[in-house]
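# Structure at a glance
Now for the letters of each chain:
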Amino acid sequence: MTVTLAPQVSAPRKTATARRTRGRAFLYWVAKHAVAIALGIMFVGPLVFIFLTAVMSDRQALTANLWPTSWHWENFSKIFTNGELLTWIYNTVLYSVLGTALMLVSSIPVAYALARFRFRGRKLAFLLVITTMMLPPQVVAVPIYIIWARFHLTGTLWPLIIPMLFGDAFSIFLLRQFLVTIPREYSDAAKVDGCGEFRTLMRVVLPMARPAIAAVALFQFFYCWNDYYGPLLYVGTTPDNWTLSVGLATFRAVHRVQWNLTMAATVLAMAPVIIVFFFAQRVFIEGVKLTGVK
Amino acid sequence: MVTMAFRRRAQRRNNLRALLYLSPWLVGFSIFFAYPLISTVYFSFQRYDLFTLEPVGLLNYRYFFKDDATWTSIKNTLWLVAVMVPLRVLFGLGVAQLVTRLKAGAGVFRTIFYLPSLVPLVAGTLGFVYLLNPSTGPVQSILGAVGIQSPDWFGDPAWSKWGLTLLALWSIGDLMVIFMASLLDVPRQLYEAAAIDGASAWQQFFRITLPVVRPVIMFAAVTGVIQTLQYFTQAMVAARVASGATDSAGSVFTPGYPDQSTLTFPELLFEQGFRDFAMGYACVLALVLFVVSMVFTVILLRQFRGFAEEEA
């Protein structure tokens, strides 16, 4: 509104007014977004304070200070000194990579069949997929544990990796929800051109389903990366096979360390997820949308 | 006749092909779901510790009604279902509403509000126990500056579940995304027309927004209940870190710290089945969890036929 007055005033004052206007516009923007900004600070705050504590000195971590007086980046190397952190990372990567790869190989054909084939019991099969996805894993945990104990695999991560060979209900569900949105015409055209069902899946459908495949792969990877219940159940009492999440939960008590090193380890566990998120934000958001109702 | 036989053969071939594609899941479903479920019923009538198996009739079931810890864990889990789930849904909807209304920076805010839901549960819990601890935690430092004494969130039985609730509210990112997708479906012209007719913001919300997002709210509530019935990691980690237990010789960690106030049903199942190896009793707990979750799963499937529709 003040801008309309500007032509009548001299040049230097004009820029001052413009600056003032811009300043006022900024304040107006802040006022209008005040709630969002306040909430935003509350959401980012925990991450910021975790990080700030991670770079504090041992002594300062004992105080209630908020800002590090000196920056101790070496905390991030200190947490590696007794070597087990590397073991945990190795185990976590093994679980996440193998789990995700096996899940993709086994779940994609299942999702494709549920989305495309007409066969007896298709509806029932899909209902069972949803049911197994919804039911808590604890419901069938005891007999499954007994099976793995018979094979002497409790104490290792294999009881968590091997089942991925047999499809993962959540991934099947999510992929199927995406695959039904691909128009049939594409695969029909491929079949007219003489492609078999398998080649149609590999050459036509999969390339189109890339965003959904990326989403389930990321979700599965981070599910494994973050999983605490599974590793605690099978390797909780064998520290050599601990994953990052199991190790992290006992980190502070076992090492009798200060919060700064605990927070440094926490930052380390969070970092991959946050970095990948910034590169693949769309994939995450679109993937989450697929899990909802339309 | 010829076409009938042809069609039948085609149908059979279709079924066989489907069987082939479904085979990984069919094997997985049988070994890791159907068989264990039946087996859980069988073991619930036994005393079993991986070594000796002894039939005990209804003993495990009778123990269920007598055991104090079991009832404590049921009460805690119900508390979380009754408080945490509605708060999360309301907050998720509120944040989604806020972000969709922003004229500028909606993308940045969406990222900020979504991010915490990706933070690994163990890391997030660890962070919150530190942030909220009343001696050196930043939250106390900030509150202290304005003269408020923060409660001992994870060390006081009266506050521990609220501490977990704060953590749960921090990670409403997925809910927000699902709500935002639905809110953006509401035709803008409706709001403009309502504004011209002088409808207040509340009226607009109840008359225009709510009818569109109601199914999504239901969906979020039901899936929220099912997820909360399996609430495990955050409670386990918060109790472990706040109590300072090590699990090494001398101090054995038992979940629920402080004073069993965070002992959830799945935690009890875990302790009974895999730490005390009272596997028969753990199977009774598993069956209870199965029945309750099944009820909510059926509600979900009946309410949202679109979920399992032929073509989405």
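What counts as what
Residues numbered from 1 in each chain as written. Chains lettered and ligands numbered in written order. Predicted model: local features only at pLDDT ≥ 70, side-chain atom pairs only at ≥ 80, totals over all residues. Heavy atoms only, no water. Helix = DSSP H or I, 4+ residues; strand = E, 2+ residues; numbered from the N terminus. Rg over C-alpha atoms; globule rule 2.2 N^0.38 Å. Buried < 20%, exposed > 50% of the residue type's maximum accessible area, 1.4 Å probe, protein only. Contact = heavy atoms within 4.5 Å. Salt bridge = Lys/Arg side-chain N within 4 Å of Asp/Glu carboxyl O. Polar contact = N/O pair within 3.5 Å; in protein donor to acceptor, adjacent residues only side chain to side chain. Nonpolar A, V, L, I, M, F, W, Y, C, P; charged D, E, K, R; others polar. Arc of directions from axis to C-beta. Core = buried A, V, L, I, M, F, W, Y, C linked by side-chain atoms within 4.5 Å. Domains from an automatic or database assignment. Buried area = accessible area lost by both parts, 1.4 Å probe.

Moving on, we come to the overall build of chain B. For chain B, the helix and strand inventory stands at 13 helices and 2 strands. Expected size for 312 residues packed as a compact globule is a radius of gyration near 20 Å; at 25 Å, chain B overshoots this value by more than 25%. Judged by the C-alpha coordinates and their principal axes, chain B covers about 80 × 70 × 30 Å. Looking at the 312 residues of chain B, the share that counts as buried comes to 51%. A separation threshold of at least 6 residues defines the contact pool for chain B, and within that pool the share at least 24 residues apart is 66%.

On to the interface of chain A and chain B, then. Between chain A and chain B, the residue contacts involve 104 residues of the former and 101 residues of the latter. Inspection of the region where chain A meets chain B yields 1 salt bridge. With its nearest N and O atoms 2.9 Å apart, the salt bridge here joins R17 of chain B to E197 of chain A. Our enumeration of links across chain A and chain B arrives at 8 residue pairs in polar contact (both at pLDDT 80 or more). With 13 residues, helix 2 (residues 34–54) of chain A is the single largest residue contributor to the side of chain A that touches chain B. Residues of the side of chain A that touches chain B, tallied by class, amount to 72 nonpolar, 19 polar and 13 charged.

Bringing helix 6 (residues 138–145) of chain B into the picture now. Among all positions in helix 6 of chain B, only P138, Q140 and S141 of chain B are buried. One side of helix 6 of chain B carries all its buried residues, which in axial view fall inside an arc of 160°.

The next thing to look at is the side chain of T92 of chain A. All names here are of chain A. The topology assignment puts T92 in helix 5 (residues 84–116). Polar side-chain contacts of T92 include one of 2.6 Å to the backbone oxygen of W88. What T92 contacts, discounting residues up to four positions off in sequence, is W225, T243 and L244.

Counting 183 residues, the largest nonpolar core has L114 and Y228 of chain A together with Y114 and M176 of chain B as its most contacted members. No other element matches the 12 residues that helix 5 of chain A contributes to this core. A domain split of this core shows at least three residues from each of domain 1 (12–76) and domain 2 (82–291) of chain A. With residues up to four places along the chain from it excluded, the contact list for L114 of chain A reads F119, R122, A125, F126, V129, I172 and R176 of chain A together with L22 of chain B.

Quick look at the domain arrangement of chain A now. All names here are of chain A. Looking at chain A, the domain boundaries give domain 1 (12–76) and domain 2 (82–291). If you average the C-alpha positions of domain 1 and of domain 2, the two centres end up 36 Å apart. Between domain 1 and domain 2, the contact holds 12 residues from the first and 9 residues from the second. Summing the contributions of domain 1 and of domain 2, the shared interface buries around 890 Å²; its carbon and sulfur component is 78%. Counting the contacts that link domain 1 with domain 2 gives 0 salt bridges. Taken together, domain 1 and domain 2 are joined by 2 residue pairs in polar contact (both at pLDDT 80 or more). For the side of domain 1 that touches domain 2, the secondary structure elements donating two or more residues are helix 2, helix 3 (58–61) and helix 4 (75–78).

Our next topic: the environment of S39 of chain B. Residues and elements named next belong to chain B. Considering the arrangement of structural elements, one finds S39 in helix 1 (residues 2–43). Its relative accessible area of 7% is what places S39 among the buried residues. Along the backbone, S39 and L167 are 128 residues apart, and their C-alpha atoms lie at a distance of 36 Å.

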